[in-house]
Every structure is written in structure tokens, then in C-alpha cells.
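Summary of the model geometry
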Amino acid sequence: MCNSFTTTASVTINTSPTATIIGTTTYCVGDAASNLTASGGGTYLWDNGTAGASITASTTTAGSTTYTVTVTNAGGCTDTESVGVTVSNCGCNNPALASITPASGSVCGTTPQIFTITLSGGATSATISSDGSGSLSVTNISASGDVIYTPSATDFGNTITITIVTNDPDGTGVLCSSFTTTASVVVGASPTATITGTNTYCVGDAASTLTASGGSTYLWDNGTSGASITASTTTAGNTTYTVTVTNASGCTDTESVGVTVSNCGCNNPASASVTPVSGSVCGTTPQTFTITLSGGSNICDNQQDGSGSLSVANISASGDVIYTPSATDFGNTITITIVTNDPDGAGILCDSFTTSASIVVGALPTADAGSDVTIDCINTSVSIGTPAIAGNTYAWSPNIGGINPTSAVTTVSGLASTQIYTLTVTNAAGCTATDQVTVVVIELPTAPLVSGLNNPYCVGESVDVLTATPNQGGTITWYGNTDLTLVLGTGSNYTPPTGVQAGAVSYWVAETANGCLGTATQVDVVFEICVSCNVAAPTSVATDLTTCEGTANTTAFEVTNNDPNATIYWYDVSGTEVGTGNTFVPIVAGNYTAVAVSNDNPNCVSTAITTILTETNLGDAGFVMTMIPIVKAQPTLPQPLRVQVVALSRQPVAW
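Small disclaimer: the values here were computed from a predicted structure and weren't measured.

1. Overview of the overall build of the protein
- Along the backbone of the protein there are zero helices and 58 strands.
- Within the protein, the proportion of its 655 residues that are buried is 33%.
- When contacts within the protein are restricted to residue pairs at least 6 apart in sequence, those whose partners lie at least 24 apart make up 57%.

2. So, the state of the cysteines
- The full count for this structure, using the stated rule, is four disulfides.
- With a sulfur-sulfur separation of 1.5 Å, Cys202 is cross-linked through a disulfide to Cys264. Its S-S torsion of approximately -100 degrees makes the covalent link between Cys202 and Cys264 left-handed. One end of the pair, Cys202, is in strand 18 (residues 200-202); the other, Cys264, is in the loop between strand 23 (252-262) and strand 24 (270-275), with 62 residues separating them in the sequence.
- Each sulfur in the disulfide pair Cys282 and Cys431 lies 2.0 Å from the other.

3. Regarding the side chain of Thr521
- Position of Thr521 relative to the elements: it lies in strand 47 (residues 521-531).
- For Thr521, a relative accessible area of 17% puts it in the buried group.
- At 2.6 Å, the side chain of Thr521 and the backbone oxygen of Pro448 are in polar contact.
- Apart from residues lying up to four places away in sequence, Thr521 is in contact with Ala447, Pro448, Val450, Tyr507, Trp508 and Val509.

4. Quick notes on the sheet that holds strand 41 (residues 466-469)
- The antiparallel open sheet is built from three strands, whose spatial order is 39-41-44. In this open sheet, the two edge strands, each paired with only one partner strand, are strand 39 (449-451) and strand 44 (493-494).
- Where strand 41 and strand 44 come together, two bridges link them in antiparallel fashion. Considered in strand 44, the bridge of Thr467 is made with Asn493.

5. Here's the deal with the nonpolar core
- Counting residues in each nonpolar core, the largest one holds 20 residues, and the members touching the most others are Ile100, Phe115, Ile117, Leu119, Ile128, Ile162 and Ile164.
- Mapped by element, the contributors of at least two residues to this core are strand 8 (96-101), strand 10 (113-121), strand 11 (126-130), strand 14 (145-150), strand 15 (159-166) and strand 16 (180-188).
- Among all residues touching Phe115, those that are not within four sequence positions of it are Ile100, Thr101, Pro102, Gly145, Asp146, Val147, Tyr149, Ile162, Ala183, Ser184 and Val185.
- Counting residues in each nonpolar core, the second largest holds 19 residues, with Ala270, Val321, Tyr323 and Ile338 among its members.

6. A short note on a nonpolar patch on the surface
- On the surface, Val585, Ile587 and Val588 cluster together to form a nonpolar patch covering roughly 190 Å² of accessible area.
- Within the secondary structure layout, Val585 lies in the loop between strand 53 (583-584) and strand 54 (591-598).
- Using a relative accessible area of 31% as the deciding quantity, one classes Val585 as partly exposed.

7. Here's the deal with the side chain of Thr340
- For Thr340, the position within the fold is in strand 31 (residues 333-340).
- Accessibility expressed as a relative area gives 5% for Thr340, which makes it buried.
- Once you skip the residues sitting within four places of it in the chain, Thr340 turns out to touch Ala270, Ser271, Ala272, Leu293, Ser297, Ile299, Cys300, Ser352 and Phe353.

8. Re the packing of aromatic side chains
- In this structure the tally under the stated criterion is four aromatic pairs.
- With a centroid separation of 5.1 Å and 20 degrees between ring planes, the pair formed by Trp570 and Phe584 is classed as stacked. Residue Trp570 is found in strand 51 (residues 566-572), and its partner Phe584 is found in strand 53; the two are separated by 14 residues along the sequence. Each member of the pair Trp570 and Phe584 is classed as buried.
- Cluster of aromatic residues (ring-pair linked, three or more members): Trp478, Tyr494 and Tyr507.

9. Description of the pairing of strand 32 (residues 354-362)
- One ladder, built from five bridges, connects strand 25 (residues 278-282) with strand 32; its direction is parallel. Paired with Ser278 across the two strands is Ser358, which belongs to strand 32.
- Two elements, strand 31 and strand 32, share seven bridges in a ladder whose sense is antiparallel. The residue of strand 32 that forms the bridge with Ile336 is Ala357.

10. Quick notes on unusual backbone geometry
- With omega at -5 degrees, the peptide bond leading from Thr101 into Pro102 counts as cis.
- Checked against the element boundaries, Pro102 lands in the loop between strand 8 and strand 9 (104-108).
- Looking along the chain, the bond that leaves Ser397 and enters Pro398 is cis, with omega of -5 degrees.
- Inspection of the secondary structure puts Pro398 in the loop between strand 35 (393-397) and strand 36 (409-413).
- For Leu484, which is not a glycine, the phi torsion comes out positive at approximately 60 degrees.
- Of note, Leu484 is situated in the loop between strand 42 (475-479) and strand 43 (487-490).
- The phi angle at Asn514 is positive, at roughly 55 degrees, despite the residue not being glycine.
- Of the residues examined, Asn514 reaches a relative accessible area of 53% and is grouped as exposed.

11. Observations concerning the sheet that holds strand 17 (residues 194-196)
- The sheet built from three strands is open, its strands ordered 17-19-21 with antiparallel pairing. If you trace the sheet from one side to the other, it starts and ends with strand 17 and strand 21 (228-230), each paired once. Between one strand axis and the next, the sheet turns by 25 degrees as a mean value, whatever way the strands run.
- Summarising the sheet, strand 17 and strand 19 (residues 209-213) pair through three bridges and their orientation is antiparallel. If you follow Thr196 over to strand 19, its bridge partner there is Thr211.

12. As for the confidence of the model for the protein
- Of the residues in the protein, 87% reach a pLDDT of 70 or more, and the chain-wide mean stands at 84.
- In the predicted structure, residues 614-655 sits below a pLDDT of 50 and forms 113 contacts with residues beyond four places in sequence or in another chain.

13. Quick look at the environment of Thr101
- Here Thr101 shows up in strand 8.
- Along the chain, Thr101 and Thr118 lie 17 residues apart, while their C-alpha atoms are 8.6 Å from each other.
- Not counting residues within four places of it along the chain, the set of residues in contact with Thr101 comprises Ile114, Phe115 and Thr116.

14. Let's talk about the environment of Leu415
- Among the secondary structure elements, Leu415 is positioned in the loop between strand 36 and strand 37 (419-426).
- On the basis of relative accessibility, which here comes to 16%, the residue Leu415 falls in the buried class.
- Along the backbone, Leu415 and Ile375 are 40 residues apart, and their C-alpha atoms lie at a distance of 8.3 Å.
- Sequence-distant contacts of Leu415, that is, excluding residues within four places in its chain, are made with Ile375, Ile400, Gly401, Tyr421, Val439 and Val441.

15. Concerning the pairing of strand 7 (residues 78-88)
- Of the pairings in the sheet, the one linking strand 2 (residues 26-28) to strand 7 comprises three bridges and is parallel in character. Within the sheet, the bridge partner assigned to Tyr27 lies in strand 7 and is Val87.
- Alignment of strand 6 (residues 63-72) against strand 7, held across ten bridges, turns out to be antiparallel. The residue of strand 7 that forms the bridge with Val71 is Asp79.
- Hairpin connection from strand 6 to strand 7: five residues lie between these consecutive antiparallel strands, with Gly76 at a positive phi of about 85 degrees.

The rules behind these values
Residues numbered from 1 in each chain as written. Predicted model: local features only at pLDDT ≥ 70, side-chain atom pairs only at ≥ 80, totals over all residues. Heavy atoms only, no water. Helix = DSSP H or I, 4+ residues; strand = E, 2+ residues; numbered from the N terminus. Buried < 20%, exposed > 50% of the residue type's maximum accessible area, 1.4 Å probe, protein only. Contact = heavy atoms within 4.5 Å. Disulfide = S-S within 2.5 Å. Polar contact = N/O pair within 3.5 Å; in protein donor to acceptor, adjacent residues only side chain to side chain. Pairing = 2+ DSSP bridges. Core = buried A, V, L, I, M, F, W, Y, C linked by side-chain atoms within 4.5 Å. Patch = residues over 30% accessible without salt bridge, like charges linked within 9 Å, V, L, I, M, F, W, Y side chains within 5 Å. Areas by Shrake-Rupley, 256 points an atom, 1.4 Å probe, with all protein chains shown as cover. Salt bridge = Lys/Arg side-chain N within 4 Å of Asp/Glu carboxyl O. Phe/Tyr/Trp six-rings, centres within 6.5 Å; stacked < 30°, edge-to-face > 60°. Axes fitted to C-alpha atoms, helices over the stretch in contact; angles between N-to-C directions. pLDDT = per-residue confidence, 0-100.

Encoded structure:
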């Protein structure tokens with residue numbers, strides 16, 4: 001006779017501590033800080049390595065700092081608590097500030113974490129850094145915006161701190177100093193899901209279990225939880241079993257395995273294959289599956305669990321089946337199920353055969369390049385695009401006009417001509433959409449072409465009509481100054497006023513089109529003094545004179561000026577001018593010449609009268625000078641002579 005046997009074991013369940021922190025959390029730079037004191041356990045360890053219940057916050061620089069303590073009780077159980085301490089530049093009128101959202105987050109694997117940074121107060125720029133081995137999308141920022149941290153494999157299992165340090169508004173660090181704030185992201189390692197077990201059976205076989213591994217918890221697509229599941233062998237066909245594996249970090253992975261159940265006692269069992277067994281589409285793009293029937297199959301029924309449509313419900317020979325998703329399929333995985341006929345129709349030896357394929361349907365993003373815009377003399381730069389949607393990426397083409405090709409909204413400037421830009425938006429599912437926007441460039445009108453100018457004109461002569469031809473069909477305006485502020489008239493034709501003096505008069509003409517004033521054309525109208533050279537010669541008053549040689553001589557020879565617009569000039573035999581006017585007082589005996597010179601043109605000269613003064617010795621009485629007229633021919637000059645008067649001067653005339 002055997003007796004029962006009894007044994008015991010004991011389990012001690014320790015309570016978890018509750019960590020708390022008390023103490024002042026706001027200071028000015030340089031303040032003497034009080035202690036932050038933790039309670040709730042037996043031992044304490046702060047995240048900077050300090051042991052003990054108390055720690056003193058730093059107040060040397062402005063910013064926000066998080067202090068975290070781990071509390072351990074006598075049973076070895078732990079709890080953590082954190083408190084933020086803010087240090088401000090209390091003497092600064094406009095201290096630098098920054099915020100980061102979210103302050104903490106968690107990701108799995110190398111999934112990016114997006115932080116939104118907002119600068120305020122005196123902050124105009126900030127430097128962003130991390131203590132992880134992953135990558136930041138930017139290293140500094142000059143305005144509010146998004147910063148993306150992408151973990152690396154060595155970050156798995158760690159908490160990564162993102163540090164934001166603003167600039168120092170006054171640059172001296174005396175009153176205003178830089179501001180520091182942080183955010184954290186917990187990086188969980190992604191699990192790798194695997195399934196082991198037998199995946200081929202005959203109908204009615206006792207199936208072994210399919211066992212998943214790689215995580216902490218497991219959930220199969222039929223709702224079964226746990227690492228293992230038993231395949232069904234009641235009917236022939238192919239069945240896919242999918243498990244979702246979750247690890248301690250809450251990160252997941254999925255794995256699938258197909259189990260084939262055959263009618264092993266059937267001479268010609270039904271079979272079917274579908275290609276591809278999986279695929280992905282964007283939006284309502286159709287997915288084509290090729291179905292091949294074999295064995296005893298001669299017809300199959302096609303089913304799907306999505307809300308879209310199949311091109312055919314069943315097929316009687318190998319061929320293509322097209323599934324077209326609907327909008328409610330976006331973001332889902334749709335299963336296409338193929339069920340063959342039962343070759344013997346009895347379901348005893350030969351059964352129908354089932355197989356399946358899947359399609360991941362991604363939603364199309366929305367691309368909005370914005371409304372068409374215009375660049376002209378008023379709007380020299382314009383903005384195109386619409387605000388970004390988180391998770392999307394953006395690409396503009398072509399990359400001209402100073403645009404940011406990867407920004408949802410960008411500025412265009414400096415275009416020489418109208419340009420069409422295409423915006424391509426890609427979402428997290430890899431689906432794309434495009435939209436276009438036209439940037440119309442209205443060029444400034446070029447300088448008008450002016451006709452009808454017939455320079456030079458005589459002073460007092462009417463000027464011809466000037467005609468300006470616009471290049472863009474705009475309005476022509478005539479101006480009286482180079483600044484184009486003195487308007488003389490509008491329209492293609494303009495007649496300048498008659499000139500009243502010699503010289504050039506400038507006018508400017510420009511075209512205005514689409515509200516923009518173009519380049520001006522300068523028109524110079526030249527006026528000249530136009531004179532005739534028909535100068536009447538003087539006539540002599542023939543007189544015999546007796547005079548004494550010397551400076552005291554006052555006896556004058558005289559000529560008559562027969563041209564009221566001329567002046568009489570006297571020259572000696574060397575051509576030197578010795579006097580002007582109708583009378584001339586000789587000092588010494590000799591030959592002298594009198595001519596009339598036009599007051600309008602010094603090159604217009606009359607014929608000359610030469611006087612011969614002969615000397616008769618009268619002793620002390622002096623000389624007898626006889627004026628004998630001798631007429632010399634006038635030099636040949638064009639009649640009339642047109643001369644542009646730049647300056648009037650009188651030059652000696654030699655005959």
C-alpha cells in the first residue's frame with residue numbers, strides 16, 4: 001500500500017514602493033537652490049548618479065532640467081519619479097524660451113519620432129542634439145518647426161534625450177542667457193516573430209501545434225492568444241495562420257505560415273495556386289491575381305473580405321482575377337480566397353481545395369500645390385504649396401526659382417519666365433499623389449521704339465510728331481525728366497514744343513502694362529541756330545586826313561555799316577584785330593582792312609574794304625593819310641549756312 005506524499009513551497013510577495021519628490025522647482029539664474037528630496041523607499045539613486053534621498057538642483061544657467069530618482073524598498077522593488085526644475089533669466093526683459101512637443105515618447109525599432117520645437121521670447125535660433133546613436137533630421141533651427149529623430153539599432157532598449165539649446169539674446173550672458181529644454185524618446189527593440197511546426201497534412205490527420213516565438217505575448221489572426229495554435233485538418237485546402245508577437249517594450253512583429261491539407265486518398269485531388277500571394281496597391285489601383293487550376297479542379301469560387309470588387313466571382317479555367325479596392329479598404333489588408341470545386345462531388349475522397357492571397361491597400365495622400373500665383377513688379381516673390389501633413393514627404397520639380405524642393409510650402413523668386421511646378425506627396429504607406437501650380441511671370445515692358453525724329457531742327461522750327469510703339473500692348477506715357485515723375489502726355493504720339501534756343505532737349509517715353517512701368521527710351525531733340533551768310537559789305541567814307549603819328553592822334557577813318565545784324569572789325573596787314581565799330585583811329589601809317597561780321601555766325605563775313613594810308617613828310621606837321629577803298633572778294637561760303645551754335649566767339653579774320 002502506497003501513502004500519499006505532501007510537500008510545500010512559499011512565495012513572498014513584496015509591495016512596490018511609491019516614489020515622491022518634494023522641493024522648489026522654479027529659480028532665477030544664480031539663486032541658491034534648496035534640495036529636491038525623494039521619499040517612499042529605503043535607498044535612492046538619481047539619474048546623474050547621485051545616491052541618497054536629496055539632491056541640489058543647478059541654477060547656473062537658464063533652462064528646464066528633469067531630475068529622476070529610482071526608489072528601492074526593503075523588498076528590492078523599485079519605482080521611479082521625475083520632477084522638472086525651471087531656471088529663468090529673471091533680470092532679462094526678453095529671455096530666450098523654447099518648448100518641445102511631445103516632452104516624451106516611445107518608438108519601436110528605427111521608427112522616426114517627430115518633435116515640434118517652438119522658439120519664443122528672445123530666442124531666434126537653437127541647436128538640437130541627442131545622446132543617441134541615431135540621426136536628427138536637422139542640427140539647428142532658426143524658427144519653429146519639426147525635428148525628426150531616427151533611432152539606430154544600438155539605441156534599442158535605451159532612453160534617448162533630445163536637447164534644445166537656444167541662442168543668448170543679448171550675446172553677453174549677463175542678463176539674458178541661452179535656454180535649455182529636453183525631451184526623451186524610449187526606443188524599444190522590434191521583435192522578430194517566427195513560427196515552427198508541421199505545415200502539410202492529409203485530411204483527418206492529427207495536427208501538431210504551430211508555435212510562435214520572439215516576444216512576450218502572442219495573438220493569432222483567429223483571436224487565439226498564446227504562443228501555440230493547432231491547425232485544422234478537417235478539409236483539404238491551404239490555410240494561412242498569422243501571429244502578432246509583442247515584446248516587453250510593446251513593440252510588435254507579425255509572421256505567417258501556410259498549412260496545406262490534402263486528400264491523400266484521392267487519385268486526382270483538386271489544387272489551385274494564386275500569384276502573387278501578396279501585394280500592395282495605393283488608393284483604388286486594381287491588383288491583378290493570376291489563378292492556376294490543376295489536378296481535378298475545373299472551376300473555382302473567388303471571395304474577398306474587403307469592400308472593393310472582384311472582376312469575376314468564379315473562374316472555370318486558369319486566368320486573371322482583378323481586385324479593385326474601395327475607399328473603406330484604405331489602410332487594411334484584404335484577403336482573396338480561392339476555393340476549387342470538389343472533383344468527385346461527394347467530398348469523400350477528393351475535397352475542394354482552398355488557397356488565398358493578400359493585398360495591402362494604402363490610402364492615397366492629398367497633394368495640394370495651391371492656387372496659381374503671379375510674379376510681377378509688385379509681387380517679386382510668391383509662396384506655393386499648402387501646410388504639411390505629419391508623416392508625408394514632399395518633392396517639388398523643377399528645382400528652380402530658389403525653392404526648397406522638399407518643403408510642403410516654399411517661396412519662388414527670380415524666375416525669368418512663367419513656370420509650372422509639380423508637387424509630389426508621399427505618405428507613410430509609400431503612396432503618392434501629385435498636383436501642379438503655375439507661377440505666372442509678368443515681365444516688365446521693354447523700352448518702346450520711337451520713330452519720327454528728324455534731328456536737328458532750327459530754333460523756332462516745328463518738331464515732327466514722335467511715335468512710340470508699345471511692346472506689350474500697354475499704355476504709352478511721355479515724361480519730361482529721367483525720374484519719370486513729370487508727365488507730359490499719354491498715347492503713342494507726342495509732338496515736342498518748338499525750341500526757342502539752341503541745344504538738346506531730352507524727353508523720356510515708357511510703357512505701362514499690367515500695372516508695371518517698364519524701361520524708358522530717351523529721346524533727344526536737337527535745336528540749332530540757322531543763319532544766312534549774306535552779310536552786306538561796309539562802304540567807306542573817303543576822306544583825306546592829316547594827322548600826327550602818336551598816341552595822341554584822334555583823327556578817325558570811318559565806314560558805313562550796311563548790315564544791322566553785323567559788326568565792323570578792323571585788322572592790320574598781319575591779320576591782327578586792331579579795332580571794332582564804324583570808326584577807326586590809326587596810330588601809325590600802314591594798310592588796314594575793315595569787314596562786317598555776322599552777329600549770329602562769326603564764320604559769315606562780308607567782302608573787305610582795304611584802306612591804304614600813305615605817308616607824306618610834312619616835317620613837324622605830321623602825316624597826310626589818304627583812305628583809298630579797295631574791295632576784295634568775300635570767301636566762298638555755302639548759302640545759307642546751317643550751324644549748331646555751341647559757343648559764340650570772335651576770331652581774327654585774315655584776308
